[in-house]
Amino acid sequence: MFRLSDSQLSGLSAASYERFVQKTLPFLRQSFPDTAGREDDAALRGYIDRISQFAVRHRVFREINVQKLMVLQLRTGFAIPLPRWQAHLLRRAGFSEEERVMRLTRAVLTGEQPELVSMGDDLPAMRAAR
């Protein structure tokens, strides 16, 4: 499985990227016949390009994770660019790419926003107040 990075996306050989697109086109058509199935190749290629670039900007490089973001975006229509707190979930250091994609997916599907706390907050008191 190949990975896309910032430098690779711009310098990626046309053949490698074309293989990714050729695998993704039928996947999108089969998975989303009511939307992607009605689009022509040019429109779907444009979508694949936009989501691929979005993924790379958020440090998501593995093909399967880029496709997960495509599925999530097609199912939910999440905003691009992401709200700041969702972008943080997708870029957060210390978590694997898979974990970051899963955390964004959970946030988008549930609509739950993280609780913002500061160093001076009394967490036990905040939890007790719930």
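Up top is the structure.
Residues numbered from 1 in each chain as written. Predicted model: local features only at pLDDT ≥ 70, side-chain atom pairs only at ≥ 80, totals over all residues. Heavy atoms only, no water.

## Some remarks on the packing of helix H5 (residues 84-91) against helix H6 (residues 97-110)
Where H5 meets H6, the closest approach of the two axes is 7 Å, and the angle between their N-to-C directions is 155 degrees. As the angle between them shows, H5 and H6 are arranged roughly antiparallel. Between H5, through Trp 85, Gln 86, Leu 89, Leu 90 and Arg 91, and H6, the contact on the second element is made entirely by Arg 100, Val 101, Arg 103, Leu 104, Ala 107 and Val 108. For the contact of H5 with H6, the class distribution of residues is seven nonpolar, one polar and three charged. (Axes fitted to C-alpha atoms, helices over the stretch in contact; angles between N-to-C directions. Helix = DSSP H or I, 4+ residues; strand = E, 2+ residues; numbered from the N terminus. Parallel < 35°, antiparallel > 145°, perpendicular 65-115°, else oblique. Contact = heavy atoms within 4.5 Å. Nonpolar A, V, L, I, M, F, W, Y, C, P; charged D, E, K, R; others polar.)

## With respect to the packing of helix H2 (residues 14-31) against helix H4 (residues 63-76)
Here H2 crosses H4 at 35 degrees, and the two axes come no closer than 12 Å. The crossing of H2 and H4 is right-handed. Along its contact with H2, which presents Phe 20, Lys 23, Thr 24, Phe 27 and Leu 28, the element H4 presents Glu 63, Val 66, Gln 67, Met 70, Val 71 and Leu 74. Taken together, the residues that form the contact of H2 with H4 break down as seven nonpolar, two polar and two charged. (Left-handed = near helix turned anticlockwise from the far one by under 90°.)

## Things to note about unusual backbone geometry
Put simply, Ile 80 and Pro 81 share a cis peptide bond, and its omega is 5 degrees. Phi is positive for Arg 59, close to 60 degrees, though the residue is something other than glycine. With respect to the helices and strands, the residue Arg 59 is situated in the loop between helix H3 (41-57) and H4.

## Focus on the packing of aromatic side chains
Scanning the entire structure with this criterion turns up one aromatic pair. With centroids separated by 5.8 Å and ring planes inclined at 45 degrees, the aromatic side chains of Phe 54 and Phe 78 adopt a geometry described as tilted. Taken as a pair, Phe 54 in helix H3 and Phe 78 in the loop between H4 and H5 lie far apart in primary sequence, 24 residues in all. You'll find Phe 54 and Phe 78 in the same group, each marked buried. (Phe/Tyr/Trp six-rings, centres within 6.5 Å; stacked < 30°, edge-to-face > 60°. Buried < 20%, exposed > 50% of the residue type's maximum accessible area, 1.4 Å probe, protein only.)

## What about the side chain of Arg 100?
Note that Arg 100 resides in helix H6. When sequence neighbours within four positions are dropped, the list of residues in contact with Arg 100 reads His 58, Arg 59, Val 60, Leu 89, Leu 90, Arg 91, Arg 92 and Phe 95.

## Here we look at H5
All of the buried residues in H5 are Gln 86, Ala 87, Leu 89 and Leu 90. Within H5, the buried residues cover an arc of 155 degrees as seen down the axis, which keeps them to one side. At its buried positions, H5 is contacted by H3, H4 and H6. (Arc of directions from axis to C-beta.)

The values reported here are purely geometric and, on their own, carry no functional implication.
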